[in-house]
Every structure is written in C-alpha cells, then in structure tokens.
Amino acid sequence: MKTSRQVLILDLLDGCRQEDPHTQELLYKLMASKMLGVCMRYARDQFQAEDMLHLGFVKVFKKVKDFREEGSFEGWIRRVIVNTAIEVYRKEQKHLNIVDLADVYDAPQQMFNMDDLEVKDLLAMIQELSAGYRLVFNMYAIEGYSHKEIAEQLGISEGASKSQLSRARTILRGKLAKTEGVNYENTNR
Amino acid sequence: MKTQTDSDFDKLFRDRLEDMELVPSQKVWANVSRDLSVPVKNKKGIPIVWLVAASISLLFVLSLLLIPGKKPIKLQASVQPSTEYKKSAIPVKAKRSLGRKLKGITFLNRLASMRLERDKHLKSYKITGKAIADNLKNLPLLTKVNLELPTVVLRQETVMMASIPSFIAMHVPVATKKINTHRITRVPATEADYQDSQTRIRSVGDLVNFVVRRVDHRDEKIIEFSNHDDGSSISGINLGLIKIRAKQNEIKPN
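The numbering scheme is per chain: residues are counted from 1 as the chain's sequence reads. Chains and ligands are labelled by the order in which they are written, letters from A for the one and numbers from 1 for the other. Reporting in this predicted model follows two pLDDT cut-offs: at least 70 for local features of residues, and 80 or more for side-chain atom pairs to be given and counted; totals over whole chains, interfaces and linings ignore these cut-offs and use all residues.

(A) Summary view of the overall build of chain A. Numbered from the N terminus, helices here are DSSP runs of H or I no shorter than four residues, and strands are runs of E no shorter than two. Across its full length, chain A holds 8 helices and 1 strand. Looking at chain A as a whole, 35% of its 189 residues are labelled buried. As a rule, residues whose C-beta atom has 12 or fewer other C-beta atoms within 10 Å are exposed, those with 20 or more are buried, and those in between are partly exposed; C-beta atoms are placed from the backbone.

Here it is in structure tokens:
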C-alpha cells in the first residue's frame, strides 16, 4: 500500500510541474492527511495545523519545479511542510526561551510503559509544550534533525537547541509520570 | 525501577506519532486552490538598482530641461522647420512680386555672374555668364524677353544684345532697332541724342553707373564713374557719412 502510493505520487510529479489543477488536487488528496499529522505535532491546535498545511501545500506546488529528484518526492514534500511550520513559529515567536546548559543532561530516567497511551494523548502532551520546546523536540526526536541542523534552521546555537530539547523531555516525562500514576491508580481500583 | 535513556524516550514518541494521519477540513484545499489561481505578485518590487538608475536618468533629463541658457530639446523637431518655412515663404514671395526692396540686391547678385568681354574681331563687347539664362527668366522686372538678336552700333562697336539681360534692353529702347551707322555719323547730335548717350553703355563705368542708378535713387550715388578720353574712372563715392567727389568736367553736348 505504501509502495503503491509512492509510485502514484511520483507519477503526479510531471502534472504538478505543468501546474495541472487536476493533478495538484490528486496529490493534495493523497498527501494531505499525512502532512496534517506532521503539522499537528508542530502546531498548538488543529486550526494552526491546517493553516500550516495550507501554506505548506501552496509552497509545494509553487516550488515543485525545483525538485531535483535526489530523494523521494514524499520526503521532499514533508521537508517543505516542516520548513513552513518553522516559518510560522518564527513569525509568532522571535526569540526562544534560552535555558542554561547546566540544566541539560542525559541521565537515565524513569521507565514508562506507553502501550496503554493513545496517540491523541501523546499528541496532546506535545501540543501543550511551549512553541520553542515543541519545535526542537519534533525536529530532533521525531524528524531526526541534528542539533547543528536545528541551530541553522532556527538561527540559534547548538547549545540552545540542546537545552530546548532537554527542557521539552523533562516536561514530557513529568506529564507521562502523571498520566501513568493516574492509570496505575485506575488499574488497582 | 527500570531506567530509560533519552533516545529510547524519543523513540517512543517517534514510533507513535511519525505516521500519524488526520483528515483536514474541506476549506484547506479551497484555500490552496484559491492561492494557486491568483497570479503571483512581485513582492520584491522594482530592484533598487533600477530605481537608482531611473532617478539618475530623471535628474539628467530635468537638468537639460530646466537649466537656463541651454536650448531645450525639441521633441517635435520635424514639425518645427516646416512651420518656419511656411511663415518665411509667404513674405518672400510677396516681396518678389512687389520687386521693390529686393530688386537691387538680386540684381547685384545676378550682375556678379556676368562678364563683359571684348570681341577683337568684331570690335564689340559681349556680356556673357552662365547664370544669364536663368536670370533672364527670374528677373523681377522682366516683362518681356526679346528673343531677337538686335545690334546696337556704338562708335563702330557692336554689342550683341542677345547676351544682354532683357532689363537692360528694356531701358535701351533704341537698341531694339537696327540703326544705320552712316546716319548716326552724318546727322548732328540733338538733345534726344544726348539723352541717349547718357543711357548708352560704352564702358564698364557706364555699366556700373547704370546699375547703381537702378539701385541707388539718391542724388549722390554710392559710386559713380565718369568717362573721359583715357577711359572711365571713379568720380564720386557716397558712403553716407563719408562722401568723396572728384572735380567734374562739365559735359557738353557735341
């Protein structure tokens, strides 16, 4: 299913380059739900996520001629959407909350059982993070960016990126611990 | 208590959220489609280099137009000359038709193109010049062109009137008739003959006098020649403030 969709997306590339409206709509329908999932992690709510999706797809269709086919078309679209989310963040917040590097450490933490957690709960935890924390955690933990890449994209130092990530993890762990405690209490009742 | 590293913690979120999908509302595609159909506006506007170049050009043009003392650029140069030509053409034509003021100037110009030559065999003077034929046609005073070849006998010398401009011929009515030379020499001179002798051209000085009389209507002409036995010489000059006049011998009729 996944392979067949990738083949279909690649077939739509030429039509999108020729700015064919029908092909553009087909590509949108194929990719919109997945890209909205990406946007949901970067946005504070669904409204903002849909705004990101809107801006992101406009960019995709306008810049599709620049796609050099060095990677997958879907990966390129995903990167355009993430860059759009970063731009939205930059417009909303000029400065990140810088945390001292002394607070950043990678120490063993409590083990969480996330099998009982639903996706929407995890998504809600991320969306509750402040914009800076949410952005760095998404880019590093889920998208796989390095701190160097994050620093270049956001115009901050690598140390600032690390501190943002550390703070985001700490907050999420607190939320998970709180959720597990509730679940543990519910299980023992 | 089990421990969990940061990478493991991140993996838990990545595995659950990486492939998450949500169906967007219908308005998203409507907005995308609307933005794609709107023509792209040039947000950058006109490059500053072009603005600077345009400003310099504008200042240059304004300086040309506004600096006093300089001739302004005529954008309709092709129209201007034709208008001026029409304005000047009409009065010139009127002047030529009147033939009063420009008469002397044009006459002198035409005279400059003439030559008086002496024919040794025929013992006569011949007025020649390339422009004579044209002048005959264009002379303002010309009313009639004498196409015949009249001859005038003047003291055994014959002037070929065919080469003389007709305006001269007009004022020498005697020249239009053949005159018997024997009759002239035998018959004593009368008052009419004296008047004729004043108008007859016997030398270059007479010719100049005749021309000057046509141009200068003052009592004392700008230049006058007088005839004597040795030929003709200047007898007077009138330049307005400067007047030179030689002592004149009284001319008596024979």
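(B) Quick look at the overall build of chain B. From N to C terminus, chain B includes 10 helices and 8 strands. Within the span of chain B, comprising 254 residues, buried residues form 8% of the whole. Residue pairs are scored as contacts if the distance between their C-beta atoms, which are placed from the backbone, is within 7 Å. Residue pairs at least 24 apart in sequence account for 42% of intrachain contacts in chain B once pairs closer than 6 positions are excluded.

(C) Up close: the interface of chain A and chain B. At the junction of the two partners, chain A supplies 29 residues and chain B supplies 26 residues. Of all the secondary-structure elements, those providing two or more residues to the side of chain A that touches chain B are helix 2 (21-42), helix 3 (46-63), strand 1 (109-110), helix 5 (119-128) and helix 6 (131-142) of chain A. If one sorts the elements of the side of chain A that touches chain B by residue count, helix 2 of chain A sits on top with 10 residues. Of the residues contributing to the side of chain A that touches chain B, the split by class is 17 nonpolar, 6 polar and 6 charged. Amino acids outside the nonpolar list (Ala, Val, Leu, Ile, Met, Phe, Trp, Tyr, Cys, Pro) and the charged list (Asp, Glu, Lys, Arg) are all regarded as polar, and Gly is one of them.

(D) Highlighting the environment of B:Gly236. Residue and element names in this part refer to chain B. Counting through the fold element by element, Gly-236 comes out in strand 7 (residues 231-238). Here the alpha-carbon distance between Gly-236 and Glu-224, two residues 12 residues apart in the chain, equals 5.1 Å. Residues contacting Gly-236, with those up to four places away along its chain left out, are Glu-220, Glu-224, Ile-244, Arg-245 and Ala-246.

(E) Local environment of the packing of helix 3 of chain A against helix 2 (residues 26-37) of chain B. Where helix 3 of chain A meets helix 2 of chain B, the closest approach of the two axes is 9 Å, and the angle between their N-to-C directions is 35 degrees. Our pair here, helix 3 of chain A against helix 2 of chain B, has a crossing hand that is right-handed. Each of A:Glu50, A:Leu53, A:His54, A:Phe57, A:Val58 and A:Phe61 in helix 3 of chain A lies in contact with helix 2 of chain B, whose residues at this interface are B:Val28, B:Asn31, B:Val32, B:Asp35 and B:Leu36. Here the residues of the contact of helix 3 of chain A with helix 2 of chain B are counted per class, giving 7 nonpolar, 2 polar and 2 charged. Comment: axis = line fitted to C-alpha atoms, over the contacting stretch for helices; angle = value between 0 and 180 degrees taken between N-to-C directions. Here a crossing is called left-handed whenever its near helix is offset anticlockwise from the far helix by less than a right angle, and right-handed whenever the offset is clockwise.

(F) Spotlight on unusual backbone geometry. All names here are of chain A. With a phi angle near 60 degrees, Glu-19 is a residue other than glycine that sits in the positive phi range. Tracing the backbone shows Glu-19 in the loop between helix 1 (2-17) and helix 2. Even without being glycine, Glu-69 reaches a positive phi, approximately 65 degrees. Here Glu-69 is to be found in the loop between helix 3 and helix 4 (73-92).

(G) Broad picture of the pairing of strand 6 (residues 223-228) of chain B. Residue and element names in this part refer to chain B. Across 6 bridges, strand 6 lies against strand 7 in antiparallel orientation. Directly across from Ile-223, in strand 7, lies its bridge partner Ile-237. Taken together, strand 6 and the strand that follows it, strand 7, pair antiparallel across an intervening segment of 2 residues. If DSSP finds at least two bridges between two strands, the strands pair.

(H) Spotlight on the packing of helix 5 of chain A against helix 1 (residues 6-17) of chain B. Running from N to C, helix 5 of chain A and helix 1 of chain B point in directions that differ by 120 degrees, and their axes come no closer than 10 Å. In terms of orientation, helix 5 of chain A lies oblique with respect to helix 1 of chain B. Both helix 5 of chain A and helix 1 of chain B take part in a crossing whose hand is left-handed. The residues of helix 1 of chain B that touch helix 5 of chain A, namely those facing A:Val119, A:Leu122 and A:Leu123, are B:Phe13, B:Arg16 and B:Leu17. In what follows, roughly perpendicular refers to angles from 65 to 115 degrees, roughly parallel to angles under 35, roughly antiparallel to angles over 145, and oblique to any angle outside these ranges.

(I) Summary view of the nonpolar core. All names here are of chain A. Among the nonpolar cores identified, the biggest contains 48 residues, and Met-35, Cys-39, Met-52, Leu-53, Ile-81, Val-136 and Phe-137 are the most heavily contacted of them. Taken together, the elements giving at least two residues each to this core come down to helix 1, helix 2, helix 3, helix 4, helix 5, helix 6, helix 7 (147-154) and helix 8 (158-188). If one sorts the elements of this core by residue count, helix 2 sits on top with 10 residues. Looking at which domains feed residues into this core, each of domain 1 (2-92) and domain 2 (101-188) supplies at least three. In this view, Phe-137 contacts Ile-126, Leu-129, Leu-165 and Ala-168; residues no more than four positions away in its chain are not counted. To count as a nonpolar core, a set of buried Ala, Val, Leu, Ile, Met, Phe, Trp, Tyr and Cys residues must be joined through C-beta atoms within 7 Å. Segmentation of the chain into domains, including their bounds, is taken from an automatic or database domain assignment.

(J) Representation of the pairing of strand 7 of chain B. All names here are of chain B. As judged from the 3 bridges shared by strand 7 and strand 8 (residues 243-245), these two strands associate in the antiparallel manner. What sits directly across from Asn-238, in strand 8, is Lys-243. The turn linking strand 7 back onto strand 8 is made up of 4 residues, and Gly-240 within it adopts a positive phi angle of 95 degrees.

(K) Summary view of the environment of A:Ser163. Among the secondary structure elements, A:Ser163 is positioned in helix 8. Between the C-alpha atom of A:Ser163 and that of A:Val136, which follows or precedes it by 27 residues, the distance is 9.4 Å.

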